[in-house]
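Chain by chain, the residues:
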Amino acid sequence: MNALVLHAVGDLRYEQVPTPQPGAGEVLVRVAYCGVCGSDIPRIFVKGTYRFPLICGHEFAGVVERCGEGVQRVSPGDRVTVFPLLWCGRCSACERGRYAQCEHYDYLGSRRDGAFAEYVVAPERNLLKVPDGVSLQEAAMTEPAAVAYHALRRAGGVAPGETVAIFGAGPIGLMVAQWARVMGASQIALFDVVDEKIALAQRLGFTHAYHSHRAEEIIASLTQGKGAHVCVEAAGVPQTLLQACACARSGGRVVLLGNPAGDATVPTGLWSQLMRREVNLFGTWNSEYAVYSEDDDWHTALRAMAEGWLQLMPLVSHQVPLSEAVHTLHAMREGKGFFCKVLIQP
Amino acid sequence: MSETGASMQAVRCYAPEDYRLERIPVPEPRPGEVIVQVEACGICAGDVKCFYGNPSIWGDATRPRYVQPPVVPGHEFVGRVVALGEGAGERFGLKVGDRAVAEQIVPCGRCRMCDRGMYWLCRDREIFGFREKAQGGWAQYMRYPANARVYRVPDSLPTEQAALIEPLACSMHAVDRGQIQFGDVVVIAGMGPLGLGMVACARLKNPGLLIALDLRDHRLEIAKRLGADMVLNPSRDDVRAEIKRLTDGYGCDVYIEATGHPQGVLLGLDIIRKAGNFVEFSVLQEPVTVDWTILGDVKELNVYGSHLGPYCYPKVIDYLTRGLLKTDGIVTHQLPLSDFRHGIEMVHEGKESIKVLLVP
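Keep in mind it's a predicted model, so treat the numbers as computed, not measured. (Residues numbered from 1 in each chain as written. Chains lettered and ligands numbered in written order. Predicted model: local features only at pLDDT ≥ 70, side-chain atom pairs only at ≥ 80, totals over all residues. Heavy atoms only, no water.)

Trainee: With reference to specific residues and values, describe the nonpolar core.
Mentor: Grouped together as the largest cluster of nonpolar side chains are 68 residues, with contacts concentrated most on W87, L152, I166, L174, W179, L190 and V232 of chain A. Lining this core are residues from two domains, each supplying at least three of them: domain 1 (2-141 + 312-345) and domain 2 (145-283) of chain A. Among all residues touching I166 of chain A, those that are not within four sequence positions of it are G173, V176, A177, I188, A189, L190, F191, V232 and A234 of chain A. Core analysis: the next-biggest nonpolar cluster, separate from the first, contains 59 residues, C50, A102, F340 and V356 of chain B among them. (Core = buried A, V, L, I, M, F, W, Y, C linked by side-chain atoms within 4.5 Å. Buried < 20%, exposed > 50% of the residue type's maximum accessible area, 1.4 Å probe, protein only. Domains from an automatic or database assignment. Contact = heavy atoms within 4.5 Å.)

Trainee: How would you summarise the interface of chain B and chain A if you had to cite specific residues and measurements?
Mentor: The partner chain A presents 13 residues to the 11 residues of chain B that form the contact. For the pairing of chain B and chain A, the buried interface totals around 1,100 Å² over both sides, and the portion due to carbon and sulfur atoms is 33%. Inspection of the chain B/chain A interface yields 3 salt bridges. The shortest N-O distance in the salt bridge between R116 of chain B and E288 of chain A comes to 3.8 Å. At the junction of chain B with chain A, the criterion picks out 10 residue pairs in polar contact (both at pLDDT 80 or more). Here the side of chain B that touches chain A takes 3 residues from helix α4 (residues 112-115) of chain B, the largest share from any one element. The residue inventory of the side of chain B that touches chain A, partitioned by class, reads 3 nonpolar, 2 polar and 6 charged. (Buried area = accessible area lost by both parts, 1.4 Å probe. Salt bridge = Lys/Arg side-chain N within 4 Å of Asp/Glu carboxyl O. Polar contact = N/O pair within 3.5 Å; in protein donor to acceptor, adjacent residues only side chain to side chain. Helix = DSSP H or I, 4+ residues; strand = E, 2+ residues; numbered from the N terminus. Nonpolar A, V, L, I, M, F, W, Y, C, P; charged D, E, K, R; others polar.)

Trainee: Explain the pairing of strand β11 (residues 187-192) of chain A to me, using residue names and the numbers behind them.
Mentor: Residue and element names in this part refer to chain A. Most of β11 is tucked away, with 5 of its 6 residues classed as buried. Bridge count between strand β10 (residues 163-167) and β11: 5 bridges; the pairing is parallel. Among the inter-strand pairings, F167 is bridged to a residue of β11, identified as F191. Tracing the backbone out of β10, into helix α5 (residues 171-183) and back to the parallel element β11 gives a crossover that is right-handed. Sheet topology places β11 next to strand β12 (residues 208-211); 4 bridges connect them, and they run parallel. The residue of β12 that forms the bridge with F191 is Y210. With respect to chirality, the unit in which β11 leads through helix α6 (residues 195-203) into the neighbouring parallel β12 is right-handed. (Pairing = 2+ DSSP bridges. Right-handed = clockwise from strand over helix to strand, strands pointing away.)

Trainee: Explain the packing of helix α9 (residues 239-246) of chain B against helix α10 (residues 262-271) of chain B to me, and be specific about the residues and the numbers.
Mentor: Residue and element names in this part refer to chain B. Relative to each other, α9 and α10 sit at 30°, their axes nearing to 10 Å. Between α9 and α10, the angle falls in the class roughly parallel. Between α9 and α10 lies a crossing of right-handed hand. Seen from α9, the contacting residues are V239, R240 and I243; seen from α10, they are L266, L267, D270 and I271. Classifying every residue of the contact of α9 with α10 by side-chain character gives 5 nonpolar, no polar and 2 charged. (Axes fitted to C-alpha atoms, helices over the stretch in contact; angles between N-to-C directions. Parallel < 35°, antiparallel > 145°, perpendicular 65-115°, else oblique. Left-handed = near helix turned anticlockwise from the far one by under 90°.)

Trainee: Provide a residue-level description of the domain arrangement of chain B, including the pertinent values.
Mentor: Residues and elements named next belong to chain B. Each assigned domain of chain B is listed here: domain 1 (7-164 + 330-358) and domain 2 (168-305). The interface of domain 1 with domain 2 comprises 12 residues on the first partner and 13 residues on the second. With both chains or domains summed, domain 1 and domain 2 bury close to 990 Å², and 62% of this area falls on carbon and sulfur atoms. Our enumeration of links across domain 1 and domain 2 arrives at 0 salt bridges. The class makeup of the residues in the side of domain 1 that touches domain 2 is 4 nonpolar, 3 polar and 5 charged.

Trainee: Before we move on, could you go through a nonpolar patch on the surface and cite the residues and values that matter?
Mentor: A cluster of nonpolar side chains, V266, W271 and M275 of chain A, forms an exposed patch at the surface whose accessible area comes to about 340 Å². For V266 of chain A, the location among the structural elements is in the loop between β14 (248-256) and α9 (268-276). (Patch = residues over 30% accessible without salt bridge, like charges linked within 9 Å, V, L, I, M, F, W, Y side chains within 5 Å. Areas by Shrake-Rupley, 256 points an atom, 1.4 Å probe, with all protein chains shown as cover.)

Trainee: Can you explain the packing of aromatic side chains? Please cite residues and give values.
Mentor: Overall, the coordinates contain 20 aromatic pairs over all chains when judged by the stated rule. A centroid spacing of 5.9 Å and a plane angle of 80° characterise the contact between Y119 of chain B and W120 of chain B, whose relative ring orientation is edge-to-face. Measuring from ring centre to ring centre gives 5.2 Å for Y119 of chain B and Y311 of chain B, while their planes differ by 80°; the resulting arrangement is edge-to-face. With Y119 of chain B in the loop between α4 and β7 (126-127) and Y311 of chain B in the loop between β15 (302-305) and α11 (313-321), this residue pair connects regions lying 192 residues apart in the sequence. Among the aromatic residues, ring-to-ring pairing joins F83, W87, Y99, Y289 and W298 of chain A into one connected group. Its guanidinium or amino end placed over the ring of Y105 of chain A, R111 of chain A lies 4.3 Å from that ring's centre, counting from NZ or CZ. For the cation-ring pair, R322 of chain B lies above Y319 of chain B, with the distance from its terminal atom to the ring centre recorded as 5.5 Å. (Phe/Tyr/Trp six-rings, centres within 6.5 Å; stacked < 30°, edge-to-face > 60°. Lys NZ or Arg CZ within 6 Å of the ring centre and 35° of its normal.)

Trainee: Break down the packing of helix α1 (residues 40-47) of chain A against helix α11 (residues 325-334) of chain A for me, citing the residues and quoting the values.
Mentor: Residues and elements named next belong to chain A. At a closest axis distance of 10 Å, the pairing of α1 and α11 adopts a crossing angle of 90°. One finds that α1 runs roughly perpendicular with respect to α11. Listed contacts from α11 to I41, I44 and F45 of α1 are L329, H330, M332 and R333. Of the residues that constitute the contact of α1 with α11, the class distribution is 5 nonpolar, 1 polar and 1 charged.

Trainee: Before we move on, could you go through the sheet that holds strand β13 (residues 228-233) of chain A and cite the residues and values that matter?
Mentor: All names here are of chain A. The parallel open sheet is built from 6 strands, whose spatial order is β12-β11-β10-β13-β14-β15. With partners counted over all chains shown, the strands left at the sheet margins are β12 and β15 (280-283), one partner each. Taking the axes of each pair of neighbouring strands and ignoring which way they run, one obtains an average angle of 20° across the sheet. Relative to β14, β13 runs parallel, the two being bridged by 5 bridges. Its bridge partner being in β14, V232 is matched across the sheet by V255. The strands that α6 touches are β11 and β12; relative to β12, the one it contacts most, it runs at about 175°. The sheet contacts of helix α8 (residues 238-246) involve β10, β13, β14 and β15, and relative to β14 the element is tilted by about 150°.

Trainee: Tell me about the sheet that holds strand β10 (residues 185-189) of chain B, and please be specific about residues and values.
Mentor: Residue and element names in this part refer to chain B. Taken in spatial order, the 6 strands make up an open sheet running β12-β11-β10-β13-β14-β15, and their pairing is parallel. With one partner strand each, in any of the chains shown, β12 (230-232) and β15 form the two edges of the open sheet. Within this sheet the neighbouring strands show an average axis-to-axis angle of 20°, counted without direction. Pairing between strand β13 (residues 252-257) and strand β14 (residues 272-280): 5 bridges, direction parallel. Bridging from a neighbouring strand, E257 pairs with E280 of β14.

The following block contains the structure:
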C-alpha cells in the first residue's frame, strides 16, 4: 500500500510499504480520510515519533476491509471511525474506564502505525460505527470533536446563560465554540491573531470573534466587568494562558486545552487574583471513550454530527491526496497560507 | 491440597429450609482461577433470608429467582490458596499457601456498568453463595472464578478479622456514601455486624458526635467499644428529643440506616436535619410507607443508596493490618460446618449472637 512514512525527524516520504494484516480481535480499515492534527506538525518536524520508521495520523475514518479472528461487532463494508489510543485494560485508570489516563497505553500514529496510509489495523474494541447521514469526512473529525467536548465537560459543562471565552480559533477552538452553543451558552467569544480564523469564526455565526489583543477589554464589556464563566485556552501560547486566567470571573473555570508552546510567567497580580477570585483551573487531556456505553465523548460527538448540532465541514480548508500530502505538511510547518482542518485522502 | 477426584464436606442449598451437609468433589482450577481451602465463612443476614425463602432471593410474581440451587452458600469467606489456574498467580499476585479473599460479587466485565468501573452494579453479576458459577464458602474448599476480584490477606490477621473483610467493606462503602465532615453529628441505626462495622469506620472520620442506635443493650455496649460517643436505645430513650437537644433543634447531619426495619427509615427521616445526608443500606423486611414530601419540599434531603463494598476491600485489609479498624466483639460464635442450622437460627434470633462464623 501507499503510505507517508516518517524515517527520522523531518524525513517524511511517500512510499510503498506492506499492507498490515489484522490479528485476532483486530480489524483492517481502509482509510477514507485522515485529518492533520496540530500536534502532527511538531511530531513530524521537531520532536519525532516514539520509533522510526512510523506512519503518523490518528484522526481518521474509513471502511472495514477485513476482520481478524473472533471479531464480532463489525463486518467488512461497515463505515467506522477509530479511537486511536490502545489501552492496557489492567491499570487503575482502565478499571474506571478512564482509558486516556492508561498507564501503559499505545497509540496509532505516534507509537504504532497510524492512518496517513491506505490501510491501518486497529483493535475491534476501538472501532465505532459511523451513523447514517454522517459523511466520512465529518467522521474523520470525531477525535478533535470529542477532545473539544471533553474540555468543556472537564469544566462541568456550560450552563444556559453562561459566557464562554475561547482563546485560539483553530479547529478545536471552533469546535469548543460549537459545543458551548449546543450547551446553551448565552455569549461565546473567540480570540485569535490570524485574520482568516477570526473571519471563519464569524462565518460560523460567532459574532464575538476578535483579535486577541482586545480580549480583556471585550470580555469586560460583554460581562459588565465580571468576567467569563468559562475560559478555554486553546492555543498553547503563554499570552493566551494569562489572558484566559485574567478573563475568568470570580468562581469561574479555566480549561487548559492547547499543547504548551513555551514557558509562561504568571505576574504576581494575576496570581493573586486567581486566588482572591477562587478561580478553578482544569487540565484536559484527550477524550473519554467507552466500549459498552454511549454517553462518552466519542459516541456523543458522532450523535452530535448526526443530529446536526456540529457543523464540521466548514472547518475543512484543504482536502489533499496522500501523494501530495508531504508537500502540504511542509507548507503547514512553514506557515505558507491559511490552514484550518486539513484532510488527507489516501 | 486438592487432588483430582478428592471430595470435601459442604453445605448445599436445595430449597428454602432444605439445606444439606454433603460430600461433593473438590473444585479443580481452570485458567485464571484460584482454589482455596476455606478458613472461615460468616453467616450473613442475606444467607438467613435465603434459608427462610425470602422472595427477593427466591422470586415472586414480580421478581425473578436469583438463587440457583443446588448451591453452596456463603460469601463472607477467607481461605488459603491450594491451587492456581494458568495466569491467576501473576494476575492477583498470589502463590500457593497465601491467604486470599475474593469480593462477594463476580462482575461480567462486559456491561455498561463494568465499562465505567461500577462493577458492583454489574448487570449480569454473580454473587458467591447464590449462583451456580459462584459457589460459596460453606465448604472445605472453594473456587474464585477468573473474573473474581481477589486480594491477598496478610497472615497476621486473626481469623475473626479476616472473615469480616466482606462485611467491613460494605460498612466502609456505606460510611463513604454519607460524606461525613468534621463536626458532623452522625447517627447510625442498627447495630448488627454491618452497623457495628459502620461505627468502627465512621470513628476513623472523626465526626463531631457519633451516635449508635439499637434495641438491644448488649449490641450498644459493643458499639461503644468500637468508637460510638453515645448510644441510644429507642425502646427506652426518647431519641427524637435527644437528637433535637444535641443539635440545637437542627437534627443530625448524617443518618445511616442499617436496621432492616421500616421504623429505622421513619426515625431517620424525622431526626435528620434539612439538606442532610441519608444513607440507606438495609435490605428491609417489608415496604416502608412514608410521606415522600419530606425528601423535597420539607427537607431537601440527599438520599444515598449503598450496595456492597466497591473498592473497599484493599482499604479494609490495610486498615485492619495496621490496627486502625476495631472489630472487638463483632464475632461472637465459631461453629463447625455440621452446626450450620444452629448458626442460621442464632443469627435469625439475634439475641446473643452478632456475627457467627462457620469454620470448616
